[in-house]
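Take a look at the letters that make up each chain.
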Amino acid sequence: MNAPGGSTTNIADGSATVGVQAQTVHAVNFYEIFPGDSPQRKFEVGLRFLRGGVPAKAREHIGEAVAEDYVTSRSCFYLLLALLSGRTLRQLPKEDLAMLRIAQGRIVGGIDEWSEAIGVISRLLTSLQKGDVVPATVEAELNRLGRIQRDEIQQHLEMFLNGSIQDVLWARAFESARKDRCDRRRLDRTWMFFQPSPTGARVRQPNPVTTTIGDRGRSITASILSLAAACFIGVPAWQHAWFSTLPALLLFGVGCYVCWRNGVEWRFLVERRRDKDRDYLAVGPKPAAAAQRGFAGKIDRQFDHYFARYVPRNTERAQWLAHTAGIRRTLRDEVVDIYRESRTDAEKVAWLVRYLVSDVRQRWERGTLWDYRDRLRVAPSTKGLFVLGVAASTAGGATMIWAALQVQPFHAVVAAVIAAAAGRVAALGWLRIVLEHRRFAAEREDARRSLAGREAAFERWTAKLADRPSDLEMAHWLDCDRKALMEEAMGHYKLEPSDVVAHAFIEAPGKSYKRARVSKGPWRYTRYRLLIFLLTADGVRQMTADLDFVEASFHDRGRISYRYDAIAAVHATEADDGGRSFELTLVNGEPIKVKMIEALQAVVEPGEDERSVSRVTLDAAGLGNTLHVLEGVAAEGKEWIGHERKREEASLATLADAVQGISPRYE
């Protein structure tokens, strides 16, 4: 056994973990079938599964449609491809061939491009059975087909074709993969598939006004009592010296008005600035460790990540983080508060976190982050007018009290005490009422402006995600990546496609990945670990590579070659918690392990379960064919090649006969 170029065969050992960063399920009616759906609908869903790389589900739904009399040349063509896709002839059970026999003689319509394609497959199978395949003839027949039919045949018949015909079909497949691998703006769009549909914009509403009817009643009562006491002072003062009482009364009234107006403004600005300082500057205690594991913990990490990432220009990160610690905690608490009760996934509000952090950074760079302190600073004129109002009201009140003392000393003193006490209660009561209403109005206006900005950011983000690729595009790009790696492996080992007796592949999640899927569909990953097994007459050639699916690039390639008799055992395991793994053990005890599906808390939609999602994902990952090929090699060694060919002869004859029954009659 040799490993040219070095190889890492232990892909993920028993103690290793594959780090999932986020997982998303797009609730779209793409793979869904509901009770009462028509056979045509079942066929279309089955076709989506086939193009999405899930042939098992495609066989199920397309077979149901044909069994329910949806028999056309197109449905029979795709039924045939679904039966053959992703497996060898040996894996084709007789029960599946019965589906083709159901369609014999029942195809609706005459000869068209779909029936022509069935005829090409029929002639190809007959030639394979007789052993007289002429690659030039096959290529000419394929060229006469439409592009859709030609591409579908090349993609889905790769497993069971062998010999010189492989050189023709694989050359076409590699050329198509090179052309399509980054088409339809893959590098600009792939990341969108792993973004969840965002939750709408929200804002924390201001606390309601806390004053009550009782507060108003007490203030009104105190005001009436204070005014009555003032009258008890004013009447005797007017009787004693009306000529001095009149200007004193005017001075007292004007002074009270100026004092009240500016005093309320002063107090409001001071309290408003204090509240803003508490939001921008105060740093509360860190949440408990238990809270870090839930929704709040995820939001915490998002704020920490984006504040550390979005550092303003010409600013040290440490300075930025230190000066924004207070507003970071305030914004974090708001997001947790307004979204927690709805059981929202933290990833669905990541757009809001990014917007809030970007907004803080922009205000920092413009120098407006602390503008509220200037806006809420009490003007010297307000302070001066308040002092003048206090002085004027004091002077006017004292003049009237002195005049009243000259006429009714006792009543004047009592009235003055009552007026002062009731006036204080009335002033404080009305002050609290007015400040509460002004506070509520200011916070409501802030909330309105904040919501407008967030809604605009939400619209921008949803518009950006509108170009999210479909699951079929993701499947096609992944298939192109797999073919690109296979072409690279064949080039490295200097193999022609016809030199490859059989091949198998595994698509496993890489490390530190995001994953997403549509309802009923397989998981798609941002990073993959791809394994390609090329079986030749001399042994097995294996290539592994890490695929950055978003960037369409391979990294950390590994290669290993070994003889057939070096394979000791092959098996797949399924844990109770949903984890799935594949292991190939060599005779020297060296294991090749791959975690196909990590044991994670499942994200399932209504009508789904963890096992059904796992089966669909494993089918798309090619595990079934890989186990069939490698288990056979482990059991029979090199003789497996000859035995497999003999076992396939009977299956090929039966298949050719069944396909001939649905091919065009003019043949």
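Engineer: Sorry, what's going on with the pattern of salt bridges here?
Structural biologist: Opposite charge on two side chains makes pairing possible when the charged atoms of those side chains draw close. All chains considered together, the criterion is met by 46 salt bridges. Salt-bridge contacts for Arg278 lead to Asp275; the nearest nitrogen and oxygen are separated by 2.7 Å. Residue Arg278 and its partner Asp275 are located together in helix α11 (residues 242-280), separated by three residues, close to a single helical turn. In this structure, Arg373 and Asp277 form a salt bridge, with 2.5 Å as the shortest nitrogen-oxygen distance. Of this pair, Arg373 sits in helix α17 (residues 371-375) while Asp277 sits in helix α11, and the two are 96 residues apart along the sequence. Classification of Arg373 as partly exposed rests on a relative accessible area of 26%. Assessed through its relative accessible area of 18%, Asp277 is described here as buried.

Engineer: I keep staring at helix α2 (residues 55-67) and nothing clicks. Help me out?
Structural biologist: For an α-helix, the turn length of 3.6 residues means that residues three or four places apart are oriented alike. If you check α2, its first and last C-alpha atoms are 18 Å apart, about what 13 residues at 1.5 Å a residue would give, namely 18 Å. Within the span of α2, buried status applies to Pro55, Ala58, Arg59, His61, Ile62, Gly63, Ala65 and Val66. Just past α2, the residue Asp69 takes up positive phi, approximately 75°.

Engineer: What should I look at first to understand the UniProt feature "transmembrane region" (unreviewed entry) in the chain in this one?
Structural biologist: Feature annotation in UniProt places "transmembrane region" (unreviewed entry) on residues 220-239, 245-264, 385-404 and 410-431, given in this structure's numbering. Taken end to end, residues 220-239 is 100% helix and 0% strand, and its two terminal C-alpha atoms sit 29 Å from one another. Helix makes up 100% of residues 245-264 and strand 0%. Its end C-alpha atoms lie 28 Å apart.

Engineer: Explanation requested: the packing of aromatic side chains in the structure shown.
Structural biologist: To describe a pair of aromatic rings, you give the distance between the ring centres and the angle between the ring planes. With the rule as written, the count across this model stands at 21 aromatic pairs. Centre to centre, the rings of Tyr525 and Tyr528 are 5.5 Å apart; their planes meet at 85°, and the pair counts as edge-to-face. Of the two residues examined, Tyr525 and Tyr528, each falls in the buried class. An aromatic cluster is defined as three or more aromatic residues linked by ring pairs; in this entry it consists of Phe43, Tyr70, Phe77, Tyr78 and Trp114. The ring centre of Tyr310 lies 5.1 Å from the NZ or CZ of Arg361, which sits over that ring. Directly above the aromatic system of Phe268 lies the positively charged group of Arg438, at a separation of 4.2 Å from the ring centroid.

Engineer: Please explain the sheet that holds strand β6 (residues 540-548) as it appears in this structure.
Structural biologist: On the basis of which strands lie adjacent, the open sheet formed by four strands has the order β2-β5-β6-β7 and antiparallel pairing. Each edge of the open sheet is held by one strand with a lone partner, namely β2 (502-509) and β7 (553-562). Each strand axis lies, on average, 15° off the axis of its neighbour in the sheet, ignoring direction. Here β2 pairs with strand β5 (residues 527-535) via eight bridges, running antiparallel. Opposite Ile506, over in β5, you have Leu531 as the bridge partner. Its contacts with the sheet place helix α20 (residues 471-492) against β2, β5, β6 and β7, and it is angled at close to 45° to β5. Of the strands in this sheet, β2 and β5 are in contact with helix α22 (residues 623-636), which crosses β2 at around 130°.

Engineer: How should the packing of helix α3 (residues 73-84) against helix α7 (residues 147-156) be read in this particular structure?
Structural biologist: Packed helix pairs are characterised by how far apart their axes lie and by the angle those axes make with each other. For the pair α3 and α7, the least separation of the axes is 9 Å and the interaxial angle reads 20°. The orientation of α3 relative to α7 falls into the category roughly parallel. Where α3 crosses over α7, the handedness of that crossing is left-handed. On α7, the residues that touch Phe77, Tyr78, Leu81 and Leu84 of α3 are Ile148, Gln149, Glu152, Ile153 and His156.

Rules used in this analysis
Residues numbered from 1 in each chain as written. Predicted model: local features only at pLDDT ≥ 70, side-chain atom pairs only at ≥ 80, totals over all residues. Heavy atoms only, no water. Salt bridge = Lys/Arg side-chain N within 4 Å of Asp/Glu carboxyl O. Helix = DSSP H or I, 4+ residues; strand = E, 2+ residues; numbered from the N terminus. Buried < 20%, exposed > 50% of the residue type's maximum accessible area, 1.4 Å probe, protein only. Expected span 1.5 Å × (residues − 1). UniProt positions renumbered as here; feature names shortened; annotations may be inferred. Phe/Tyr/Trp six-rings, centres within 6.5 Å; stacked < 30°, edge-to-face > 60°. Lys NZ or Arg CZ within 6 Å of the ring centre and 35° of its normal. Pairing = 2+ DSSP bridges. Axes fitted to C-alpha atoms, helices over the stretch in contact; angles between N-to-C directions. Contact = heavy atoms within 4.5 Å. Parallel < 35°, antiparallel > 145°, perpendicular 65-115°, else oblique. Left-handed = near helix turned anticlockwise from the far one by under 90°.

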